[in-house]
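Coordinate analysis (summary)
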Amino acid sequence: MSTFKTTSEKISNYRWIICFMLFFATTVNYLDRQVLSLTWKDFIAPEFHWTDTHYGTITAIFSIIYAIANLFAGRFVDWLGSRKGYLWAIAIWSVGACLHALCGWATEMSVGLQDVNDMLAASGALTSTIAITSVYYFIAARIVLAVGESGNFPAAIKVTAEYFPKKDRAFATSIFNAGATVGALIAPVSIPSLASYFKSIGVGNGWEMAFIVIGALGFIWMGLWLFVYKKPQENPRVNAAELAYIQQDKENEDASHHTENEPKLTLWQCFTYRQTWAVALGKFLTDGVWWFFLFWTPAYISDVYGFSSDSSTAQLLIFVLYAITMLSIYGGKLPTIIINKTGKDPYAARMKAMLIFAVFPLLALFAQPLGNISYWFPVIIIGIAGAAHQSWSANIYSVGSDMFPKSAVATIIGIGGMAGGVGAFLINMCSGILFDYAEATKMAFLGFEGKEAGYFIIFCICAVAYLIAWCVMKALVPKYKLIKL
């Protein structure tokens, strides 16, 4: 257990301003990636004649590029440092977000059509040409977005390791990770409305400006980050008492673990540790669940219950869903409570908390059956499962920062992000294909037919993913073991 010697000096709280900046960045991160999921069904698909498979392909490729980029993003952030690494990441993804707005114009030029009305009126073989051409352009924009967004969590976890002692990291992570939920919460009440507004005043088909407005938020964050961030030992706003609190774990770990010139793990060396594989497989098995909820819930509400994304009912449903997900903030606090009450080491406390979080997604087994009674039941259940995921996610991130030296934290989180992205690629690609197949063949599964049967299958997979992941992680790393260089 770590110890912290109090002083007469009142401790400053600048670390929480840094935490807010991480929260802001994560909110923008999730707003940017949600613009497509909230506009494709009702604004973009009619224009480009997309099917679920087209959309599933775009989201799947985003996921796999995000996965690959995570591997390098972590190394990039470790090499460049938190300040510059974060700036580069958000600059790239903000540019990528804005590039989506040009996809319609690029498709018109490539196909030889005059405007959006010509694309809407197209028929026959031309619709297939429009769909395929537009998909390529959107994939290009999503690749840029994915490369930039892959840097967010490696950078944020690295900053958290710099500014918080181990016992507080999961709580701090749960706070900034709640930005994902807040972004998802703000998105349904803002993005479709933005698209509808700009469409009503004749600015394109509306969705283009939604990408530009949301993408511009990243550039605002960059200006603030330049002013706010410095390493804690170099930051005049962090007083001696706060610095001592931040660095309280030092005296209980090997000194070489914290020197500025400490040896650095190579990428290959990282893969030789069971702890790396525990984080990677835990992310692989569970990240796809969150991404499925994020990318497909608006389509689910439209497909199964008939509410378009810009309708007040759909916006209320998604808002309530992600409002429930905000409960995840408590999930980050739970390990700290366990540590304070039981004296367990951080890893043991996190694994105990994560087992609790792994049970709640089992409710997803009942989402589709109860949806026959009211559409509120699946929305509430998905919200609870989302809260459990975000709580799980905050802790699995902290597992990496607990057991590896700070110089390797972003790399480990990047490896985990890569594995999670692969899982998201598989679930998004398979979902799009499954939903089109289920609709075309009127597939039946446990009393459901067509797309409803498809959604029920995916819900069942989501329900059991966390318990499987917990068992795998516990088998790989039964007890806490610090990596020493």
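About the criteria used
Residues numbered from 1 in each chain as written. Predicted model: local features only at pLDDT ≥ 70, side-chain atom pairs only at ≥ 80, totals over all residues. Heavy atoms only, no water. UniProt positions renumbered as here; feature names shortened; annotations may be inferred. Helix = DSSP H or I, 4+ residues; strand = E, 2+ residues; numbered from the N terminus. Contact = heavy atoms within 4.5 Å. Phe/Tyr/Trp six-rings, centres within 6.5 Å; stacked < 30°, edge-to-face > 60°. Buried < 20%, exposed > 50% of the residue type's maximum accessible area, 1.4 Å probe, protein only. Lys NZ or Arg CZ within 6 Å of the ring centre and 35° of its normal. Patch = residues over 30% accessible without salt bridge, like charges linked within 9 Å, V, L, I, M, F, W, Y side chains within 5 Å. Areas by Shrake-Rupley, 256 points an atom, 1.4 Å probe, with all protein chains shown as cover. Salt bridge = Lys/Arg side-chain N within 4 Å of Asp/Glu carboxyl O. Lys, Arg positive; Asp, Glu negative; His and termini not counted. Charge placed at Lys NZ, Arg CZ, Asp CG, Glu CD. Axes fitted to C-alpha atoms, helices over the stretch in contact; angles between N-to-C directions. Parallel < 35°, antiparallel > 145°, perpendicular 65-115°, else oblique. Left-handed = near helix turned anticlockwise from the far one by under 90°.

The name an unreviewed UniProt entry gives the protein is MFS transporter, with Bacteroides mediterraneensis as the organism. Within the UniProt record for the protein, the comment given under Subcellular location (unreviewed entry) is "Membrane".

**What about the environment of I214?**
Structurally, the position occupied by I214 is in helix 9 (residues 207-228). Taking C-alpha positions, I214 is 43 Å from K341, a pair spaced 127 residues apart along the chain. Discounting chain neighbours no more than four positions away, the residues touching I214 are L31, D32, V35, I191 and L194.

**Some words on the packing of aromatic side chains**
All chains considered together, the criterion is met by 43 aromatic pairs. Ring geometry for W392 versus Y466: centroids 5.6 Å apart, planes at 85°, classification edge-to-face. With W392 in helix 17 (residues 376-403) and Y466 in helix 19 (residues 451-476), the pair connects residues that are 74 residues apart, well separated along the chain. For the pair shown, W392 and Y466 are each scored as buried. Over the ring of Y30 we find R33; its NZ or CZ atom is 4.3 Å from the centre of that ring. For the cation-ring pair, R237 lies above F227, with the distance from its terminal atom to the ring centre recorded as 5.0 Å.

**Thoughts on a positive patch on the surface**
Together, R83, K84, K230 and R237 make up a region of like positive charge exposed at the surface. For K230, the location among the structural elements is in the loop between helix 9 and helix 10 (240-246).

**Quick look at the packing of helix 1 (residues 14-48) against helix 12 (residues 274-305)**
For any two helices packed against each other, the geometry comes down to the angle between their axes and how far apart the axes lie. Across the interface, helix 1 lies against helix 12 with an axial gap of 9 Å and an inter-helix angle of 25°. When the interaxial angle is binned, helix 1 and helix 12 end up roughly parallel. Pair helix 1 / helix 12 crosses with right-handed handedness. For the pair helix 1 and helix 12, the contacting residues are Y30, R33, Q34, S37, L38, W40 and K41 in the first and W290, W291, L294, F295, W296, P298, A299, S302 and D303 in the second.

**A few points about the pattern of salt bridges**
Counted by the stated rule, this structure contains nine salt bridges. A salt bridge links K41 to D303; its shortest N-O distance comes to 3.1 Å. Of this pair, K41 sits in helix 1 while D303 sits in helix 12, and the two are 262 residues apart along the sequence. For K451, the salt bridge identified is with D52, shortest N-O distance 2.6 Å. Note that K451 is positioned in helix 19 and D52 in helix 2 (residues 52-80), a separation of 399 residues in sequence. Here K451 matches D52 in class, with each residue buried. Salt bridges here are not isolated pairs; linked through shared partners, they connect K41, D52, D303, E439 and K451.

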